[in-house]
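Below, each chain spelled out in residue letters.
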Amino acid sequence: PEDLRISLRFENLTEGDAPKYPLTPYLSTAERAFILPAEGRVTVPIIINLPNDIPPGGFYGTALFSITSPTEATTGGKARVVTQLAPLIFLRVKGEVVESGSLIDVKFIDRTFYLTYENTGNIYLNPYGTITVRNKLTKTESATLQVDPWFVLPGAMRIREVNLPESLSTGWYEANVKLNNGYAESVSEKTINFFVITPKILALIILIIVGLLLLVL
């Protein structure tokens, strides 16, 4: 074990070109750089100093820790390996806020659902929910997939990927996506139809097509 050299800086959490709700102007610490002893522990207070006239809503940032340790390179010299940790800081100022968001698109590509969610309010949201998959022909439920919460910043769109179980067989399916928007029991819901073709069935179809072409030729 060896001592670690750690530096700390604050960065805004952005969606797009410029931060809309920056938290970094209000963050400070007395420990911008310090040594973490081997097998030791260091507590670093982070101070949040808000002005009296700050508006209600959410403000977002991250505390970026850069951890440096000298290690022997394969050439025999010294090389520096830098590891970064970036815990997110979400701050909500009390007052009247606009909570508004919805599921705007659902796509199914290569056994993966892509859920696009848009936040049209001024506070972050944590949508979550389920995807219920039913066989269109038998009308039976084939799978229920959990959509774990993911944060969406104000004025931003984020895509969540959910993989289809490998056990789902070839067939025509319907997927009902139901998301809790994360506020006031509001729910977004969309339904799509899609086909699943397993590799074995796909290979069989290709063999049949090749066989038919050979017969024609």
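Preceding block: the structure.
Residues numbered from 1 in each chain as written. Predicted model: local features only at pLDDT ≥ 70, side-chain atom pairs only at ≥ 80, totals over all residues. Heavy atoms only, no water.

Participant: Please set out the environment of V187 residue by residue, giving values where relevant.
Facilitator: Counting through the fold element by element, V187 comes out in strand β14 (residues 187-196). Residue V187 is classed as partly exposed on the basis of its relative accessible area of 46%. Separated by 85 residues in the primary sequence, V187 and S102 have C-alpha atoms spaced 8.0 Å apart. Sequence-distant contacts of V187, that is, excluding residues within four places in its chain, are made with K178, L179 and N181. (Helix = DSSP H or I, 4+ residues; strand = E, 2+ residues; numbered from the N terminus. Buried < 20%, exposed > 50% of the residue type's maximum accessible area, 1.4 Å probe, protein only. Contact = heavy atoms within 4.5 Å.)

Participant: Run through the sheet that holds β14, naming residues and quoting values.
Facilitator: In space, the four strands of this open sheet follow the order β11-β10-β13-β14, with antiparallel pairing throughout. In this open sheet, the two strands that pair with only one neighbour each are β11 (141-147) and β14. For this sheet, the mean inter-axis angle between neighbouring strands, taken without regard to orientation, is 15 degrees. Relative to β14, strand β13 (residues 171-180) is paired through ten bridges, and the arrangement is antiparallel. From the neighbouring strand, V177 faces β14, where its bridge partner is K190. (Pairing = 2+ DSSP bridges. Axes fitted to C-alpha atoms, helices over the stretch in contact; angles between N-to-C directions.)

Participant: Which residues make up a nonpolar patch on the surface, and what values go with them?
Facilitator: Judged by side-chain polarity, I197, I205, I209 and L213 come together as a nonpolar surface patch covering roughly 350 Å² of accessible area. By secondary structure assignment, the location of L213 is in helix α1 (residues 199-216). (Patch = residues over 30% accessible without salt bridge, like charges linked within 9 Å, V, L, I, M, F, W, Y side chains within 5 Å. Areas by Shrake-Rupley, 256 points an atom, 1.4 Å probe, with all protein chains shown as cover. Salt bridge = Lys/Arg side-chain N within 4 Å of Asp/Glu carboxyl O.)

Participant: Run through the sheet that holds strand β12 (residues 157-163), naming residues and quoting values.
Facilitator: Read across the sheet, three strands follow the order β8-β9-β12 without closing on themselves; strand pairing throughout is antiparallel. Every interior strand has two partners, whereas the edge strands, β8 (101-109) and β12, have only one. On average, each strand axis in the sheet is inclined to that of its neighbour by 20 degrees, with strand direction left out of account. Bridging between β8 and strand β9 (residues 112-119) involves eight bridges; their strand directions are antiparallel. Its bridge partner being in β9, G101 is matched across the sheet by N119.

Participant: An account of the packing of aromatic side chains is needed here, citing residue identities and associated values.
Facilitator: Scanning all chains against the criterion turns up twelve aromatic pairs. Aromatic side chains Y60 and Y124 sit 5.9 Å apart centroid to centroid with 85 degrees between the ring planes, which places their arrangement in the edge-to-face category. Remark: Y124 occurs in the loop between β9 and β10 (128-135) and Y60 occurs in strand β5 (residues 57-72); sequence separation between them is 64 residues. For Y60, a relative accessible area of 1% corresponds to the buried category. Each ring, one from Y173 and one from F194, has its centre 5.8 Å from the other, and the planes form 25 degrees; the classification is stacked. In this pair, Y173 is assigned in strand β13 and F194 in strand β14, connecting sequence segments 21 residues apart. Summarising the burial analysis for this pair, Y173 and F194 share the class buried. Among the aromatic side chains, those forming a connected cluster through ring pairs are Y21, Y60, F90, Y124 and F151. (Phe/Tyr/Trp six-rings, centres within 6.5 Å; stacked < 30°, edge-to-face > 60°.)

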